[in-house]
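Read off the chains here:
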Amino acid sequence: MEFALDKGWLKLVSPAGAGMRIRAPSATVTAADATIVTRQDGKMFELFVESGSARIADTTRTGRDGAVHDAKSGEYWSREGDKPFVTERRAPAKFVAAMPRHLLDRLATLAAKFKGKRTPLSVDREITLAEADPWLTGPYRRAFARRLSGRLADPTFRKAVEANSAAYPDFDRILHPEKYPPTEAGAPGTPAVPGAPAAGTASAQNVAPSRAPPASPASPPQVIPGRTQPSSASPTQPAPPKPGSR
């Protein structure tokens, strides 16, 4: 199971087995058979391992996982922006003082109580673009773009997207499909041109020869019986005299 934490606090008890994953703007945490308390506040990410162990991966600017660290029980890890992680052997007093009081208690096991039950959700109001922005620009942006594409019918929502269309490329493809023309198979990124020859071929009518064809070789002189064969010297220049002759 995977959780996304864009801002705020989260206390999680991960059972043994496949475990759970938390994705935050600064890090990705994987834990199994562990209890962790984590916080994302602006560019600051903090994690305290209450029990068990966890693995922390740096999140790069491209959204991919970077260096991986092993966090043990009782350790505190933090990272600010793109800076490397720092760790302490215990949670600092500042972190504990800021923690919500109810997170200091052990989490109750309530899964069995709600097993097989589904609570119907009531609609409060439609989501605004400011509220949806963390999800539309995060690691799950494509899934949320499909889920919230119906909001583009709202003029206010659509106008807000248009004002910053570069931040929402998935919505821009829906609003302006003419900017993304279909490509020809076999020629990515190049639109088809009607009447153009296929790739790798050329029209014989439109291709001029690059040079004139070579001249045919001169026919060799015919041999006539009883006559002296002509010299190979040029006919316009006399043959050179033999040594000792005048």
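The structure contained in this document is the topic of the report that follows.

What counts and what doesn't
- Residues numbered from 1 in each chain as written.
- Predicted model: local features only at pLDDT ≥ 70, side-chain atom pairs only at ≥ 80, totals over all residues.
- Heavy atoms only, no water.
- Helix = DSSP H or I, 4+ residues; strand = E, 2+ residues; numbered from the N terminus.
- Buried < 20%, exposed > 50% of the residue type's maximum accessible area, 1.4 Å probe, protein only.
- Contact = heavy atoms within 4.5 Å.
- Pairing = 2+ DSSP bridges.
- Core = buried A, V, L, I, M, F, W, Y, C linked by side-chain atoms within 4.5 Å.
- Axes fitted to C-alpha atoms, helices over the stretch in contact; angles between N-to-C directions.

1. Details of the overall build of the protein chain
In terms of helices and strands, the protein chain carries 5 helices and 10 strands. In the protein chain, which comprises 246 residues, the share counted as buried stands at 22%. The contacts of the protein chain with a sequence gap of at least 6 include a subset with a gap of at least 24, amounting to 39%.

2. Focus on the pairing of strand β4 (residues 27-31)
Each regular strand carries side chains that alternate between the two faces of the sheet. Counting buried positions along β4 yields 4 of 5 residues, so the element is predominantly enclosed. In the sheet, β4 pairs with strand β7 (residues 53-59) via 5 bridges, with the strands oriented antiparallel. Residue pairing across strands places Val-29 opposite Ile-56, the latter belonging to β7.

3. Here we look at unusual backbone geometry
Phi is positive for Asp-33, close to 55°, though the residue is something other than glycine. Tracing the backbone through its elements, the reader meets Asp-33 in the loop between β4 and β5 (34-41).

4. Some words on the nonpolar core
Grouped together as the largest cluster of nonpolar side chains are 18 residues, with contacts concentrated most on Ile-22, Val-29, Ile-36, Phe-45, Leu-47, Ile-56 and Phe-85. Counting residues per element, the ones that place at least two in this core are β3 (20-23), β4, β5, β6 (44-51) and β7. Beyond its immediate sequence surroundings of up to four residues, Leu-47 is in contact with Val-29, Ile-36, Val-37, Thr-38, Ile-56, Glu-75, Tyr-76 and Trp-77.

5. Things to note about the sheet that holds β4
Across the sheet, 5 strands lie side by side as β1-β3-β4-β7-β8; this open sheet has mixed pairing. Both edges of this open sheet fall to β1 (2-4) and β8 (65-72), since each of them pairs with a single strand only. The average angle at which neighbouring strand axes cross in this sheet is 20°, direction not considered.

6. Overview of the environment of Arg-106
Residue placement: Arg-106 occurs in the loop between α1 (93-98) and α2 (129-136). Of the residues examined, Arg-106 reaches a relative accessible area of 76% and is grouped as exposed. Counting along the chain gives 95 residues from Arg-106 to Lys-11, while the straight-line C-alpha distance between them is 9.6 Å.

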